[in-house]
Amino acid sequence: MQTHNLGYPRIGSKRELKKACEQYWSGKIKLHELLEIGKKLCIQNWNIQKQAGIDLVPCNDFSYYDQVLDMTLTVGAIPKRYNQIAVKSNNEQDLYFAMARGYQKNGLDITAMEMTKWFDTNYHYIVPEFYKDQEFQLFSNKILNEFEGAKQTGINAKPVIIGLVSYLLLGKEKEEGFNKLDLAKNLLPVYIEILKKLEQQGAEYIQFDEPFLALDLSDKAKETFRFVYKEIRAKFPKLKFIIATYFDGLKDNLSLATSLQADVLHIDLVRNPEQLEEVLATIPNNLSLSLGVVDGRNIWKNNFEKSLKLIEKAAETLGSERIFIASSCSLLHSPCDLDVETQLNSEIKNWLAFAKQKVEEVVALKELASGTTDETFLNIYTENKNAATSRNNSSLIHNNSVKQRVNAINEKDTRRKNSFNIRKNEQHKALKLPLFPTTTIGSFPQTKEVRSWRAKFKKGELTTVEYDNLLKEETKRTIKWQEDIGIDVLVHGEFERNDMVEYFGEQLEGITFTKYGWVQSYGSRCVKPPIIFGDVSRPKPMTVYWSQYAQSITQKLVKGMLTGPVTILQWSFVRDDQPRSVTCNQIALAIRDEVADLEKAGIKIIQIDEPAIREGLPLRKADWQNYLQWAVRAFRISSSGVNDEIQIHTHMCYSEFNDVIHNIADMDADVITIECSRSQMELLDAFAEFKYPNEIGPGVYDIHSPRVPSKEEMVHLLEKAQAVIPANQLWVNPDCGLKTRHWEETEKALKAMVEASKQVANSLTKKELVNQ
Ligand code: GLN
Ligand code: ZN
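Residues numbered from 1 in each chain as written. Chains lettered and ligands numbered in written order. Predicted model: local features only at pLDDT ≥ 70, side-chain atom pairs only at ≥ 80, totals over all residues. Heavy atoms only, no water.

### Observations concerning helix α27 (residues 711-724)
Here α27 is 14 residues long and its end C-alpha atoms lie 21 Å apart, about the 20 Å a rise of 1.5 Å per residue gives. Here α27 has its buried residues at Met 714, Val 715, Leu 717, Leu 718, Ala 721 and Gln 722. Projected down its long axis, α27 carries its buried residues within an arc of 165°, all on one side. When the buried face of α27 is taken as reference, the exposed residues oriented beyond 90 degrees from it are Glu 712 and Ala 723. (Helix = DSSP H or I, 4+ residues; strand = E, 2+ residues; numbered from the N terminus. Expected span 1.5 Å × (residues − 1). Buried < 20%, exposed > 50% of the residue type's maximum accessible area, 1.4 Å probe, protein only. Arc of directions from axis to C-beta.)

### Some thoughts on the coordination of the zinc ion (ligand 2)
Note on metal geometry: ideal angles are 109.5 degrees for four donors arranged tetrahedrally and 90 or 180 degrees for six donors arranged octahedrally. The protein atoms that coordinate the zinc ion (ligand 2) are His 651 (NE2), Cys 653 (SG) and Cys 736 (SG), at distances spanning 2.0 to 2.6 Å. Spacing between the donor residues of the zinc ion (ligand 2) along the chain follows H-x1-C-x82-C. In this pair, His 651 is assigned in strand β22 (residues 647-652) and Cys 736 in the loop between α27 and α28 (743-771), connecting sequence segments 85 residues apart. Across the pair, Cys 736 and His 651 agree in class, each one buried. (Donors = N, O, S within 2.8 Å, 3.2 Å for Na, K, Ca; no water.)

### Observations regarding the sheet that holds strand β20 (residues 557-563)
Through backbone hydrogen bonds, the strands of a sheet pair up, either in parallel or in antiparallel fashion. Read across the open sheet, the 6 strands follow the order β15-β20-β21-β22-β23-β24; overall the sheet is parallel. Each edge of the open sheet is held by one strand with a lone partner, namely β15 (489-490) and β24 (695-698). Sheet topology note: the strand β23 (residues 671-674)/β24 ladder contains 4 bridges and is parallel. What sits directly across from Val 671, in β24, is Glu 695. Sheet strands touched by helix α23 (residues 580-600): β20, β21 (605-609) and β22. Its angle to β20, the strand with the most contacts, is close to 170°. (Pairing = 2+ DSSP bridges. Contact = heavy atoms within 4.5 Å. Axes fitted to C-alpha atoms, helices over the stretch in contact; angles between N-to-C directions.)

### Here we look at the layout of surface pockets
There is about 550 Å³ of room inside the second largest pocket. Leu 35, Tyr 64, Lys 142, Asn 145 and Glu 146 are the residues nearest the centre of the second largest pocket, which is lined by 24 residues in total. Those elements that provide at least two residues to the lining of the second largest pocket are α2 (31-52), α3 (67-74), α5 (92-101) and α6 (142-152). The leading source of residues in the lining of the second largest pocket is α2, at 7 residues. (1 Å grid on protein atoms, 1.4 Å probe; cavity = no way out; pocket = protein on both sides within 12 Å on 5 of 7 lines; lining within 4 Å. Points joined across faces, edges and corners; volume = space filled by probe spheres on them.)

### Let's talk about the side chain of Lys 180
Looking at the secondary structure, you find Lys 180 in the loop between β9 (172-173) and α8 (184-201). Despite its burial, Lys 180 pairs with no opposite charge, the nearest such side chain being Glu 173 at 5.1 Å. Only 3.1 Å separates the side chain of Lys 180 from the backbone oxygen of Leu 169, close enough to count as a polar contact. If we ignore the near neighbours within four places in the chain, the residues touching Lys 180 are Phe 130, Leu 168, Leu 169, Gly 171 and Glu 173. (Lys, Arg positive; Asp, Glu negative; His and termini not counted. Salt bridge = Lys/Arg side-chain N within 4 Å of Asp/Glu carboxyl O. Polar contact = N/O pair within 3.5 Å; in protein donor to acceptor, adjacent residues only side chain to side chain.)

### Topic: the environment of Asn 585
Along the chain, the position of Asn 585 falls in helix α23. Judged by its relative accessible area of 11%, Asn 585 falls in the buried class. A C-alpha to C-alpha distance of 30 Å links Asn 585 and Leu 684, two positions 99 residues apart in sequence. Those residues in contact with Asn 585 that lie beyond four places of it in its chain are Val 406, Ile 409, Arg 633, Ala 634 and Ile 637.

### Let's talk about the nonpolar core
Counting residues in hydrophobic clusters, the biggest one holds 133 residues, and the most contacted among them are Tyr 167 and Leu 289. For this core, the leading source of residues is α8, giving 9 residues. For Tyr 167, the residues in contact, after removing those within four places along its chain, are Val 68, Met 71, Thr 72, Val 75, Ala 77, Pro 128, Phe 130, Ile 162, Leu 187 and Tyr 191. With 105 residues, the next largest nonpolar core counts Ile 485, Tyr 503, Val 632 and Ala 749 among its residues. (Core = buried A, V, L, I, M, F, W, Y, C linked by side-chain atoms within 4.5 Å.)

### Re the packing of helix α19 (residues 464-485) against helix α21 (residues 544-552)
Packing of α19 against α21 leaves a shortest axis separation of 10 Å and a crossing angle of 45°. If you check the angle between α19 and α21, you find them oblique. Considering only the axes of α19 and α21, their crossing is right-handed. From α19, Asp 468, Leu 471, Lys 472, Thr 475, Lys 476 and Ile 479 reach across to α21, where they touch Tyr 545, Trp 546, Tyr 549 and Ala 550. Of the residues belonging to the contact of α19 with α21, the class tally is 6 nonpolar, 1 polar and 3 charged. (Parallel < 35°, antiparallel > 145°, perpendicular 65-115°, else oblique. Left-handed = near helix turned anticlockwise from the far one by under 90°. Nonpolar A, V, L, I, M, F, W, Y, C, P; charged D, E, K, R; others polar.)

Now the structure itself:
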């Protein structure tokens, strides 16, 4: 039996890499200083794993920005627009960062490459750009250098390389008339060159990450898999290949995966433990099996008893020499080190494991599965069992009244009192809004001052009353300003919130926070997801104070602002001892109570943001409907407890609704605001075709850029919208919250937006008069 790890977090337990990169970008440190910090982190990570007892320590899992971009540079898939940079600054690292972040220097202005989510994680990778007949060449020696670096540290590391087929599937065709998989033939020689050099350097094992083997595959993709791995095996009879799959089970791709002539096949037994039986039944004799039993995506201590059962079963069938024990996927998605958390509740802390601890778990599992008599490991096992028992029975986790309430949810709780057609009339009477009503998505600029108040308040340099008064001033100013420029539905501005999930997480019972539990989201950006450890409940109202205050200082309508249950779930570490749907329903009930309290406080319009509902879609299409069914239901539980005249809004900030449009309609929000401006309203076609019955606010300008849109542009977009959606169903708003923008551009943009809405409404009224 051997142990290995699929990848280690590279940011450092105190986010050293983030800080170093940002200092380099702003010119505060030199390139060699950045590279030294990078190297130090690599060595530190290798040593942690080696000392823990990992047999195959990974290398090339480190990256200054993203591992997919590393591969793009390695194989020289550099889009032409960066040629000039290569000329102007013959420095590989700058070219690399330019591809990641764009380049505005030396008289050049070059856009960055696109970024998108890494499967169903919150990690974002840089999307390779492919062209017809593209040629590749070995451009960067990063893989070779990292292997050499590990060797100098005394480690014969296992290079982690994105498999050729997955690399192509992760990319995007930038011109018509070819399929990216056709490029396999051109790319293969570069992979072979790399492998040759690694073999010469003394590499024994190579890990190819092929996560697409756990997804739905086209016939062409399957064929490419067969072709590529046959060629590679023919060229390298001695190198040992590990094919790593993760995030789902192999399912219908099992026979394909076992036919690729690898030496080791890695499967994710956290996401899909059920696959083990079938894998064991069909695995060829010359293939070893790597069991991904330690969860790389969540922060819970491994349940040794459960894992050992899986390992023992596999060892019985295959013999222990054919077994590898591993993390389920790269630990990139885990925070670094639990030891640095000194303020966590100690009972909860005892249930957790971060990357450093997970590596130790992998080793302990091997020892225990091999029948060790070593006291240290036997004690670890006892402690592990005790922690599992403590977690099972803890009063911190279990709240019977919450459980009973979730069990008692009935059909009626998931529906508004009447259908939208009836509600619409009630709402029009109650709200008296004009045609093309204007609103915003919730947040207004979080200026340096606002953030400094929060920092001072947290440090105790401002009292609650002082902090409150500052926020009230800012809220008041924002309300008055919205009144002045003539916005119809106002927002309070969300100045009291640090983050749309954290703000609610901090106030809900059953959720806790770490101090350093950072996980890389993209480049130098890290997030610190809340930990949902127990039954979730709401001890007291969370937002009523601010909504009520804002409503009290204006005659106009102020919209209440909440984060929806699916988004809170999706952006947190979620407990693994009950289905996600149950946890989601608990959060939904807490939000439902908040909605009811807002109604009681006189708030007539309430927005429940669900930007994450689509990204929660399972990787396999066969699982979509089950997820959508409970996710949409949870939203409805959160939003259905109010009277007909209360208008429920929701907001989602992504495109691509076509395949889930009927589920979005099923959410039955009275109004949905969505991102649209970048796609020039094309997105609305899905709504038009489907005849989306409720009201829609297609974003008329892109808030992700400081650019101020003209009134004419927005009029044009509104006319486009009106061509496909009836005018009385349309709202006018930016495409997302304004918290990252400055006041200056926000003021100009929103003024122009209000004028655009008036102009379109006027011309429509005139047309109607002519038609009469
Ligand atoms: N209400 C939130 C805001 O305006 C919504 C943010 C989001 O959609 N991501 O900031
Ligand atoms: Zn948004």
